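Tertiary structure, described
Residue strings, one per chain:
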Amino acid sequence: MTTMRQVELRYNPQEIDRKWQERWERDGTYRVRDDDPSPKWYELTMYPYPSGDLHIGHWYAMAPADCHARFRRMQGYNVIHPMGFDAFGLPAENAAIQRGIHPYTWTMGNIENMRGQLRSMGTVYDWEREIICCVPEYYRWNQWFFLKLYEKGLAYRANAPVVWCPSCQTVLANEQVLNGRCERCDTSITRRDLEQWFLRITDYADQLLDFGGLVDWPEKILTMQRNWIGRSVGVEISFDISQLGLDESEISTFTTRIDTIFGVTFMVLAPEHPLVEKLTTPERSSEVAAYVEQARRQTEIERLSAEKEKTGVFLGSYAINRLNGEQVPIFIADYALMGYGTGAVMGVPAHDQRDFEFARKYGLPIRLVIAPSGWAGGDLEEAYLEEGSMVNSGQFDGLPSSQGKEAIADFVEGQGWGRRSVSYRIRDWLISRQRYWGTPIPIVYCEKCGTVPLPEDSLPVLLPEDAEFKPSGESPLVLHQGFVSAACPRCGGAARRETDTMDTFVDSSWYMERFTSPKYDDGPFEPKVLKEWMPVDQYTGGAEHAVMHLLYARFWTKALRDMGLVDFDEPFLRLYNQGIILGEDHEKMSKSRGNVVNPDEYVGSMGADSVRCYLMFLGPWDQGGPWSTSGINGVARWLNRVWEVCQHDPSELDDRPTDEQTVRDTRRDLHQTIKKCYNDLDRFKFNTAIASLMEFSNRLNRVWSEGNVDSATWRDCTEKFLLMLAPFAPHLAEELWERAGHPYSVHNRMFPQWDEELAAEEVITLVVQVNGRLRDKLQVPVDIAEEEAKRLALASAKVQTYISDKQIARTHYVPGRLVNVVVG
RNA sequence: GCCGGGGUGGCGGAACGGUAGACGCGGCGGACUUAAAAUCCGCUACCUUCACAGGUGUGUGGGUUCGAAUCCCACCCCCGGCACCA
């Protein structure tokens, strides 16, 4: 692409960009001071993974956020708007495997490159605060936090059937599975039983459902978190199996529909349920074993695609429903999940669609116990899920099911057969990863002492540089003798070091806090400074992190609060999700489609300001939208006109006659523009803010060519215009500010204030309607009286032709807007 | 299936229940130029009309209202998320 720019610029953007970027750096214009007395504003954009190149999506996330942060600065806030790199993670390790380059080298090279690209955007990032989380100065605090969590019982090791990605060769957290596929590489996941480290996020499930501490988050994200946590209120009730003579005398199940307990006609256990073996009769054992084996071999995708067809196997044993003494057969089926509730389901086919399908397939009885209103006793075509009147339910017959729920729960609790309880969909956060490029978990396993946490003063556990990179299903650290063999800190004997590393979402769970004191050495952050800045006032980023990073970080904060390390409940008070930028063909950008836009090319030819402004102009930020080459040309043309119009010498106006009306109109436009731009910036409405700046600069052009305003008005207009332009186009505004003879720097000035009186209209267009249809427009003074407005409206010749032969039923008057004449 | 967001000119998109289409792109016409590009000026929803003007228009169908892109009901389509959670 030789000339994508069809606009001939009258200024040299490369020169101006470089000039001011260097000057800002040299002068420390954007250096953030912790002790500034102004009110603070912490504006944070999700930090990028250093994948190699800054793409247009990064620009789309960062440029508008930078504009907003600049606006807050110009409102007088002491703004911190930091940037860093999410530097641990799998791609670095894959690069090591594929190209034989060390993850550290690869990552640091990428950071070097991306930092340069980030600087080219002209952002207010204070690079003194940059953080890179793959360096020991950062990750040692991951280890420190881990020890604190371990001490509090919030980190634990357990054997569990966990999610495994065969391609990444590591386990994943449940949150990192999308539609049965690995969030990173899209491979269908499987399950494995492994000893892994978990964080007890479920302890905080109820607190995480309380969004009261948040100031402004998108409803969509709250809903996603609510659904993910999945709180269900119900009853845990046991079924009697004492007649089988096992160690266990009952099977416990969880139900939200205890009112349907008399409709139980079978029971289903998850294939992984610990009682399966004991409950299987000898003649059924081979069939059961085959089913269990098949269920565990299935990938998540296969399990999902089997959605329509319920399958299962009868174990040969029965359980007794204590409420009516009935024996019901016990099955295993893969629609029962070991991770939810107790891993056992009471089968009520009449009132649960899944149980209904299962019962139909295996010829099990379907007994109605909640009667729909007007039910005549026929067979059900599908499960009846609504409320109704209880039938076939012994002493509870006749109760409305909503009351039956409470009555049966009371009865069950009274009999000691169960208790009211709450179940959650969310599971504990699995943080172990069988990979190299992450934070080592500070634990050793000693033959004598067992699992032993390392003492704090021995941190960091350094990631050894010389490791063997092979995708083997085990961390490369396993093969590293020097790393694995350790001395037990308790007994001094031989011990084996934990070789799994931490999920990288650990890094991002507290990075916002590290930004406040990134070089602090005596803790993860300096408490005094943390208090100055946290919590984050405005967080921006993609919505894809709704139930991963955003949930983990909220959990982390609450855990830290309970340890007394922070004194706030929520890390991010306001959240705004930008949309996705699409290719010129309106499709998602991808290399295979060949529609990827490289920002560097545009920055090189038209300057950072054109790219920044175009990204903000193309549409509402939260909706994203398609890139358009001719669209960015239009913005470049506009900046070109701005360049021209702001460089006129105002004293040339002194020889020309001044038109007072034009002066008033221009000034009114200025103040209306300030008001519009200010309010739009406040609410992330960058596109309409820029449109209003375009309108105003178009007026300035017109006014200049007519030359009928005084030089003082002109100076006032251009000065305030440049101040408004500054957050959008920081380089151009700074250059024009200097050329206009103003003192450095435009970026240390306040955003202009508007004057309501000067912004007020003198004359308005009064719309005249007849029966709601536009018939005439009249120019009238803004303060026109209602009677006068109506008189003028009726006197209009155009209006007369529609009403002369009709009866006027009434007239509606909207001050400052319209008169609507209703005729019969 | 459930939960969000959204359907407005040729395109991206504007519009406190009150002038639909701001701003920009594209297109057309003109100026400048030997010429082209760039730049500047004008026009540009659709239909009828030489024009004046009129009619029709915000996914579809109803409703509320003096007045609906905007509020209510039903439906269609697109995008995103969740999908056996007992």
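Placed above this text is the structure.
Residues numbered from 1 in each chain as written. Chains lettered and ligands numbered in written order. Predicted model: local features only at pLDDT ≥ 70, side-chain atom pairs only at ≥ 80, totals over all residues. Heavy atoms only, no water.

**Side note on the overall build of chain A**
In plain terms, the rule: Put simply, DSSP marks the helices as runs of H or I at least four residues long and the strands as runs of E at least two long, and each gets a number from the N terminus on. Exposure is judged per residue with a 1.4 Å probe applied to protein chains only, and the accessible area is read against the type maximum: over 50% gives exposed, under 20% gives buried, and values in between give partly exposed. By definition in these notes, contact holds between two residues if any of their heavy atoms fall within 4.5 Å. Computed by Shrake-Rupley with a 1.4 Å probe, the accessible areas treat only the displayed protein chains as cover when residues are assessed. Lys and Arg are tallied as positive, Asp and Glu as negative. Neither His nor the chain termini are counted. A single reference atom marks each charge: NZ on Lys, CZ on Arg, CG on Asp, CD on Glu.
Across its full length, chain A holds 26 helices and 31 strands. With respect to the three principal axes, the spread of C-alpha positions in chain A is 110 × 85 × 50 Å. By the burial criterion, 55% of the 824 residues in chain A qualify as buried. Long-range pairs, those at least 24 residues apart, make up 74% of the contacts in chain A between residues at least 6 apart in sequence. In the structure as shown, chain A presents an accessible area of about 35,700 Å², 47% of it carried by carbon and sulfur atoms. Each charge class in chain A was averaged separately, 90 positive and 119 negative side chains, and the resulting centres sit 2 Å apart.

**Comments concerning empty space enclosed by the protein**
Put simply, the rule reads: In this analysis a 1.4 Å probe is tested at points of a 1 Å grid over the protein atoms alone, and where it fits but cannot get out there is a cavity; an open set with protein on both sides within 12 Å along at least five of seven lines is a pocket; lining residues have an atom within 4 Å of a point. Grid points are joined across faces, edges and corners, and a volume is the space filled by probe spheres set on the points. In the scheme used here, Gly and all other residues not listed as nonpolar or charged are polar, with Ala, Val, Leu, Ile, Met, Phe, Trp, Tyr, Cys and Pro taken as nonpolar and Asp, Glu, Lys and Arg as charged.
The final tally for this structure, using the stated rule, is 3 cavities of 30 Å³ or more. Along the wall of the largest cavity there are 18 residues; nearest its centre are Leu90, Arg184, Arg433, Asp503 and Thr504. Of all the secondary structure elements, the ones that give two or more residues to the lining of the largest cavity are strand E4 (170–172) and strand E23 (501–502). When the residues that make up the lining of the largest cavity are grouped by side-chain class, the tally is 7 nonpolar, 6 polar and 5 charged.

**Things to note about unusual backbone geometry**
For the bond running from Leu459 to Pro460, omega is 0°, close enough to zero to count as cis. Relative to the elements of secondary structure, Pro460 occurs in the loop between strand E20 (450–453) and helix H13 (481–484). Following Met534, the chain continues to Pro535 via a peptide bond in cis, the omega torsion being -5°. With respect to the helices and strands, the residue Pro535 is situated in the loop between helix H15 (527–533) and strand E24 (536–541). Positive phi outside glycine occurs at Phe684, with the angle close to 65°. Looking at where Phe684 falls in the secondary structure, it is placed in the loop between helix H20 (660–682) and helix H21 (686–706).

**Let's talk about the protein's contact with RNA strand B**
Quick note on the threshold: The near set for a molecule or strand comprises every residue that places at least one heavy atom within 4 Å of it. Whenever two N or O atoms come within 3.5 Å, that pair is a polar contact, provided that in protein one can donate a hydrogen and the other can accept it, and provided that, for residues adjacent in sequence, both atoms are side-chain atoms.
Every one of the 56 residues lining RNA strand B counts as a neighbour, but Lys310, Tyr340, Arg354, Arg773 and Asn820 are closest to it. The contact atoms of RNA strand B, taken as those within 4 Å of the protein, divide so that sugar and phosphate hold 66%. Between RNA strand B and Thr256 there is a distance of 2.6 Å, counted from a sugar or linking oxygen to a backbone nitrogen or oxygen. Side-chain polar atom of Arg425 to a phosphate oxygen of RNA strand B: 3.0 Å apart, as the coordinates give it. The element contributing the most residues to the surface near RNA strand B is H21, with 6 residues. Of the residues assigned to the surface near RNA strand B, the class counts are 23 nonpolar, 16 polar and 17 charged.

**Focus on the sheet that holds strand E25 (residues 572–577)**
What counts, and what does not: For two strands to pair, DSSP has to find at least two bridges joining them. Here, axes are lines fitted to C-alpha atoms. For helices the fit covers the stretch in contact, and angles between N-to-C directions go from 0 to 180 degrees.
One open sheet accounts for 4 strands, arranged E2-E1-E24-E25; its pairing is parallel. With one partner strand each, in any of the chains shown, strand E2 (78–80) and E25 form the two edges of the open sheet. Sheet twist, expressed as the average angle between the axes of neighbouring strands with direction ignored, equals 20°. Pairing of strand E1 (residues 40–45) with E24, which is carried by 3 bridges, proceeds in the parallel orientation. Paired with Leu44 across the strands is Tyr539, a residue of E24. Sitting on the sheet, helix H16 (residues 549–562) touches E24 and E25, and the angle it makes with E25 is about 175°.

**What to know about the pattern of salt bridges**
Applicable threshold: Salt bridge, as applied in this entry: a Lys or Arg side-chain nitrogen positioned within 4 Å of an Asp or Glu carboxyl oxygen.
Overall, the coordinates contain 55 salt bridges when judged by the stated rule. Ionic pairing is found between Glu130 and Arg115, a salt bridge with its closest N-O pair at 2.5 Å. On the criterion of sequence distance, the pair formed by Glu130 in the loop between helix H4 (103–119) and helix H5 (136–151) and Arg115 in helix H4 is long-range, its members being 15 residues apart. Among the salt bridges present, the one from Asp562 reaches Arg561, with a minimum N-O distance of 3.1 Å.

**Here we look at helix H2 (residues 56–74)**
Quick note on the threshold: By definition here, a helix of n residues has an expected span of 1.5 Å times n minus one.
Helix length check: H2 (19 residues) gives 27 Å between terminal C-alpha atoms against 27 Å at 1.5 Å per residue, within 8%. Among the 19 residues in H2, 18 count as buried, and that is most of the element. Gly76 lies just past H2 and shows a positive phi near 100°.

**Concerning the nonpolar core**
For clarity, the cut-off: Definition of nonpolar core: a set of buried residues of the types Ala, Val, Leu, Ile, Met, Phe, Trp, Tyr and Cys, connected through side-chain atoms within 4.5 Å.
With 184 residues, the main nonpolar core has Trp429, Tyr511, Trp638 and Phe728 as its most contacted residues. A per-element tally of this core places H2 first, with 10 residues. In this view, Phe728 contacts Cys67, Arg612, Cys613, Met616, Cys677, Leu681, Phe686, Ala689, Ile690 and Leu693; residues no more than four positions away in its chain are not counted. Within the second largest apolar cluster, 52 residues are counted, among which are Val328, Leu364, Ile370 and Phe396.

**Quick look at the sheet that holds strand E19 (residues 443–446)**
Overall, antiparallel pairing links the 4 strands, which are arranged E20-E19-E22-E21 in an open sheet. A single partner strand is all that each edge strand has here, and the edge strands are E20 and strand E21 (485–487). Each adjacent strand pair in this sheet contributes to an overall mean axis angle of 40°, direction not counted.

**What to know about the side chain of Arg129**
Along the chain, Arg129 falls in the loop between H4 and H5. A polar contact of 3.5 Å, which involves the side chain of Arg129, links it to the backbone oxygen of Val32. Side-chain polar atoms of Arg129 contact the backbone oxygen of Phe515, separated by 3.0 Å. Contacts of Arg129, omitting those with residues within four sequence positions, involve Val32, Asp34, Ile80, Met83, Phe515, Thr516, Ser517, Pro518 and Trp533.

**Some details on the packing of helix H1 (residues 13–27) against helix H23 (residues 730–739)**
We count it as follows: Roughly parallel covers angles under 35 degrees, roughly antiparallel covers those over 145, roughly perpendicular covers 65 to 115, and oblique covers all other angles.
Contact geometry of H1 with H23 gives a least axis separation of 9 Å together with a crossing angle of 85°. Classified by the interaxial angle, the pair formed by H1 and H23 is roughly perpendicular. Touching Ile16, Asp17, Lys19, Trp20, Gln21 and Trp24 of H1 are Pro730, His731, Leu732, Glu734, Glu735 and Glu738, all from H23. Classifying every residue of the contact of H1 with H23 by side-chain character gives 5 nonpolar, 2 polar and 5 charged.

**Comments concerning the pairing of strand E28 (residues 763–770)**
Relative to strand E29 (residues 773–781), E28 is paired through 8 bridges, and the arrangement is antiparallel. Paired with Val767 across the two strands is Lys777, which belongs to E29.

**Some remarks on the packing of aromatic side chains**
Short version of the rule: Any pair of Phe, Tyr and Trp rings, taking the six-membered ring for Trp, is counted once the centres come within 6.5 Å. Such a pair is stacked with planes under 30 degrees apart, edge-to-face with planes over 60 apart, and tilted for the rest.
Under the counting rule described, the total for this entry stands at 50 aromatic pairs. Ring centres of Phe505 and Tyr552 lie 5.5 Å apart, and the angle between their planes is 55°; on these two criteria the pair is classed as tilted. Taken together, the residues span a long stretch of sequence, with Phe505 in the loop between E23 and helix H14 (511–514) and Tyr552 in helix H16 at a distance of 47 residues. Note on Phe684 and Phe686: the rings are 6.1 Å apart at their centroids and 70° apart in plane angle, and the pair reads as edge-to-face. The two residues Phe684 and Phe686 agree in class, both being buried. A network of ring pairs unites the aromatic residues Tyr138, Trp141, Trp144, Phe145, Tyr204, Trp429, Phe505, Trp510, Phe525, Tyr552, Phe555 and Trp556 as a single cluster.

**Section: a negative patch on the surface**
Here is the rule: Two joining distances apply to patches: 9 Å for like charges and 5 Å for nonpolar side chains (Val, Leu, Ile, Met, Phe, Trp, Tyr), and every residue must have over 30% relative accessible area and no salt bridge.
Where like charges cluster on the molecular surface, the negative patch consists of Asp649, Glu652, Asp654 and Asp655. Residue Asp649 is classed as partly exposed on the basis of its relative accessible area, which comes to 38%.

**What to know about the packing of helix H3 (residues 90–99) against H4**
Spelled out, the test is: For any helix crossing, the convention is left-handed if the near helix is rotated counterclockwise from the far helix by under a right angle, and right-handed if that rotation is clockwise.
The geometry of H3 relative to H4 is characterised by a closest axis approach of 8 Å and an angle of 120° between their N-to-C directions. Here H3 lies oblique to H4, going by the angle between them. For the element pair H3 and H4, the recorded crossing hand is right-handed. Judged by residue contacts, Pro91, Ala92, Glu93, Ala95, Ala96 and Arg99 of H3 engage Pro103, Trp106 and Thr107 from H4. Its residues placed into classes, the contact of H3 with H4 shows 6 nonpolar, 1 polar and 2 charged.

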